[in-house]
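Descriptive structure summary
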Amino acid sequence: MKQRIWMLPDRSDFLRERTRKIKAVGSQEERLSRDFVDTWDTVAAHGIAAPQIGWSLRAFIWKGEEMSEPEIIFNPKVLRARGELKDYDGCLSVPGYYCSTRRAAWIELTGLTGDGKPFRRKYEGFDARILQHEIDHLDGVLFIDRIDDVREGYTLDEAPSEDGGETTLVHVPASDELIAFIERFRRPLPGHALVW
Ligand code: NI
């Protein structure tokens with residue numbers, strides 16, 4: 001069933017919980033999978049983690065840059081991580097605020113596919129970044145915890161293009177009010193995503 005995305009500030013406690021590992025893909029996990037798929041088409045995101053739709057399980061749905069369809073992953077675990085990439089980050093649970101974070105440039109990941117088959121794969125670049133963001137959710141970590149400077153954050157606004165065609169998205173510095181909101185809800189982590 002399509003679920004509403006849980007976000008700050010109302011669901012801050014739940015979003016901060018550590019989620020449970022699944023034992024096997026059974027009827028509960030199949031229900032969660034249907035929720036993921038039904039919710040996926042209603043939002044614009046690179047990924048949705050289980051706690052964002054009210055499930056305390058180690059699972060997420062995501063879509064990498066070269067993938068034609070989104071994929072569900074259970075019990076993800078980063079085995080190895082290398083390099084560092086600073087790039088933009090944002091989250092459906094922190095609406096309207098974007099900021100760059102430092103994450104590993106390369107990861108090796110294990111987990112179970114949506115139908116319960118174990119896998120071991122390597123990812124790099126933006127795909128590795130999406131996966132790290134989603135795994136963070138399963139440990140109650142939000143991207144705002146990994147920001148170096150909250151004031152670097154921005155919102156997106158539509159601006160008319162000069163030739164009168166389609167509007168384009170422009171970065172607008174985050175307001176003092178939004179920055180105060182982020183400061184209130186973030187739990188800064190020492191270091192960054194390379195600390196596993
Ligand atoms: Ni997120």
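Above this text is the structure in question.
Criteria and thresholds
Residues numbered from 1 in each chain as written. Predicted model: local features only at pLDDT ≥ 70, side-chain atom pairs only at ≥ 80, totals over all residues. Heavy atoms only, no water. Helix = DSSP H or I, 4+ residues; strand = E, 2+ residues; numbered from the N terminus. Buried < 20%, exposed > 50% of the residue type's maximum accessible area, 1.4 Å probe, protein only. Donors = N, O, S within 2.8 Å, 3.2 Å for Na, K, Ca; no water. Pairing = 2+ DSSP bridges. Axes fitted to C-alpha atoms, helices over the stretch in contact; angles between N-to-C directions. Contact = heavy atoms within 4.5 Å.

Considerations on the environment of Cys91
- Mapped onto the elements, Cys91 comes out in the loop between strand E4 (85–89) and strand E5 (99–103).
- With relative accessibility at 10%, the residue Cys91 sits in the buried group.
- Sequence-wise, Cys91 and Thr167 are 76 residues apart; in three dimensions their C-alpha atoms are separated by 23 Å.

Considerations on the coordination of the nickel ion
- The nickel ion binds to the protein through Cys91 (SG), His133 (NE2) and His137 (NE2), with metal-donor distances spanning 2.1 to 2.3 Å.
- Look at where the donors of the nickel ion fall in the sequence and you get C-x41-H-x3-H. With a gap of 42 residues between them, Cys91 in the loop between E4 and E5 and His133 in helix H3 (residues 125–138) connect regions that are remote in the sequence. Here Cys91 matches His133 in class, with each residue buried.

Examining the sheet that holds strand E6 (residues 106–113)
- In spatial order, the strands read E1-E2-E3-E6-E7; together these five strands make up an open sheet with antiparallel pairing. Edge positions in the sheet fall to strand E1 (47–49) and strand E7 (118–124), since each of these pairs with one other strand and no more. Within the sheet, the average angular offset between the axes of one strand and its neighbour, ignoring direction, is 40°.
- The sheet contact formed by E1 and strand E2 (residues 59–62) spans three bridges and is antiparallel. Bridge pairing in E2 links Gly47 to Trp62.
- Packed on one face of the sheet, helix H2 (residues 27–40) meets E1, E2 and strand E3 (71–82) and runs near 30° to E2.
- Sheet strands touched by H3: E1, E2, E3, E6 and E7. Its angle to E2, the strand with the most contacts, is close to 150°.

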